[in-house]
2 protein chains.
Amino acid sequence: MSAPLNADLFDPFCSHRMPIRVGDKWSGMILRCLEDGPRRFTELKVPLKGVAPKVLTETLRAMERDGWLTRTAYDENPPRVEYALTELGRSLLGPMDVACAWAREHLDDLPRIGDRTHPA
Amino acid sequence: MSAPLNADLFDPFCSHRMPIRVGDKWSGMILRCLEDGPRRFTELKVPLKGVAPKVLTETLRAMERDGWLTRTAYDENPPRVEYALTELGRSLLGPMDVACAWAREHLDDLPRIGDRTHPA
DNA sequence: AGAGCCGGTTCCGTTGCAGTAACCGGCCAC
DNA sequence: GTGGCCGGTTACTGCAACGGAACCGGCTCT
């Protein structure tokens, strides 16, 4: 992680407070998980606490479709599938770092969890 | 506007393609509308093509609650209400510029409108 | 009296993101 | 043959965001 939040970046509640979002709820965290190299499905499930496999699959498929990452299935047993960032996906890390820096700087101004009925 | 997209930034379809979002659907556009000074309700409705007054009210209230802008009602007739950025709101323009720059650079890699069933 | 302006509000409906729970096929080890 | 691992899929549900249409009060202008 090149510019982590002080708060746990991989806590999904964090993205509720974060006014700048990359993609949908989990895409940003997935980008962070992949920046140091390819990872497989179960390796992503662990740091992304509590993500439902269905949602993770959907998100990964959408990111693949949009050219942010590649999916490589190896014909082994047990099966192995690796997800890796493309150049386009990697190019999103820059803007993400800026957003994270903003968030770190204004952490105290961010709404407290639970305060909000309408998102911002 | 300090870093506009080539595409019409105030076309809501644009935000469907944009993988980096500030706040909800309209917040980013509202920030842009206010960066050159305060504006009133109807002055916001015009550039934000087709926003329902209800949604605009909700969004402005949420942005006020989160400290991004201030709402000032003058006791005149016809009524006048002015919305102005706070320092916090203004501080979001920087990250937004970065996101817009990214989008301009990768405009051709962004998914075509209508291609998507699942968002990114 | 009637119409218009401003800044909304109310009602109702649709869409889609996200989540839970359960299940699957193929292979392996016990 | 039973259970576990991996990488999912399917069916069902909930909720928040978003939107369209209609309406409102207070005032002014004609």
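Quick caveat: nothing in here was measured; it's all calculated off a predicted structure.

Scoring rules and cut-offs
Residues numbered from 1 in each chain as written. Chains lettered and ligands numbered in written order. Predicted model: local features only at pLDDT ≥ 70, side-chain atom pairs only at ≥ 80, totals over all residues. Heavy atoms only, no water. Helix = DSSP H or I, 4+ residues; strand = E, 2+ residues; numbered from the N terminus. Buried < 20%, exposed > 50% of the residue type's maximum accessible area, 1.4 Å probe, protein only. Pairing = 2+ DSSP bridges. Phe/Tyr/Trp six-rings, centres within 6.5 Å; stacked < 30°, edge-to-face > 60°. Lys NZ or Arg CZ within 6 Å of the ring centre and 35° of its normal. Axes fitted to C-alpha atoms, helices over the stretch in contact; angles between N-to-C directions. Parallel < 35°, antiparallel > 145°, perpendicular 65-115°, else oblique. Contact = heavy atoms within 4.5 Å. Nonpolar A, V, L, I, M, F, W, Y, C, P; charged D, E, K, R; others polar. pLDDT = per-residue confidence, 0-100.

Some words on the environment of Gly 50 of chain B
Right, on to step 1. Along the chain, Gly 50 of chain B turns up in the loop between helix 3 (41-45) and helix 4 (53-65).
Right, on to step 2. With 39 residues separating them in the primary sequence, Gly 50 of chain B and Asp 11 of chain B have C-alpha atoms 9.2 Å apart.

Structural notes on the pairing of strand 4 (residues 80-85) of chain B
Residues and elements named next belong to chain B.
Right, on to step 1. When you tally the buried positions in strand 4, you get five out of six residues, the bulk of the element.
Right, on to step 2. Here two bridges tie strand 2 (residues 39-40) to strand 4, and the two strands are oriented antiparallel to one another. Looking at the pairing, Arg 40 lines up with Glu 82 of strand 4.
Right, on to step 3. Inspection of the sheet shows strand 3 (residues 69-74) paired to strand 4 by six bridges, in the antiparallel sense. In the sheet register, Ala 73 faces strand 4, and the bridge partner there is Val 81.

Here we look at the packing of aromatic side chains
Ring pairs (aromatic) are described by centroid distance and by the angle formed between their planes.
Right, on to step 1. This structure, assessed with the given rule, holds zero aromatic pairs over all chains.
Right, on to step 2. A cation sits over an aromatic face here: Arg 80 of chain A above Tyr 74 of chain A, 4.0 Å from the ring centre.

Concerning the sheet that holds strand 4 of chain B
Right, on to step 1. Reading across from one edge, 2-4-3 (chain B) is the order of the three strands in this open sheet, with antiparallel pairing throughout. Each of the sheet's edge strands pairs with one partner strand only, and the pair in question is strand 2 and strand 3 of chain B.

Let's talk about the packing of helix 2 (residues 27-34) of chain B against helix 4 of chain B
Residue and element names in this part refer to chain B.
Right, on to step 1. Packing of helix 2 against helix 4 brings their axes to within 11 Å, and their N-to-C directions diverge by 75°. By the angle class used here, helix 2 and helix 4 are roughly perpendicular. Two secondary-structure elements touch here, helix 2 through Ser 27, Ile 30 and Leu 31 and helix 4 through Leu 56, Thr 59, Leu 60 and Met 63.
Right, on to step 2. Looking at side-chain class alone, the contact of helix 2 with helix 4 contains five nonpolar, two polar and no charged residues.

Observations concerning the sheet that holds strand 3 (residues 69-74) of chain A
Residues and elements named next belong to chain A.
Right, on to step 1. Read from one edge of the open sheet, three strands run 2-4-3, paired in antiparallel fashion. A strand with exactly one partner marks an edge of an open sheet, and here the two such strands are strand 2 (39-40) and strand 3.
Right, on to step 2. Relative to the sheet, helix 2 (residues 27-34) contacts strand 2, strand 3 and strand 4 (80-85), its axis offset from that of strand 4 by approximately 95°.
Right, on to step 3. Sheet contacts for helix 4 (residues 53-65): strand 3 and strand 4; angle to strand 3, the most-contacted strand, approximately 115°.

Observations concerning the confidence of the model for chain A
When pLDDT is low, close inspection of the predicted coordinates is not appropriate.
Residues and elements named next belong to chain A.
Right, on to step 1. Looking at chain A as a whole, its pLDDT mean stands at 84, while 78% of the residues score no less than 70.
Right, on to step 2. Looking across chain A, the model is least confident in helix 1 (residues 12-17), with a mean pLDDT of 64, and most confident in strand 4, with 98.
Right, on to step 3. Counting contacts from residues 1-7, a segment whose pLDDT is below 50, to residues more than four positions away or on other chains yields 21 contacts.
Right, on to step 4. Per-residue pLDDT stays below 50 along residues 113-117; that stretch engages in seven contacts with residues further than four places along the chain or on separate chains.

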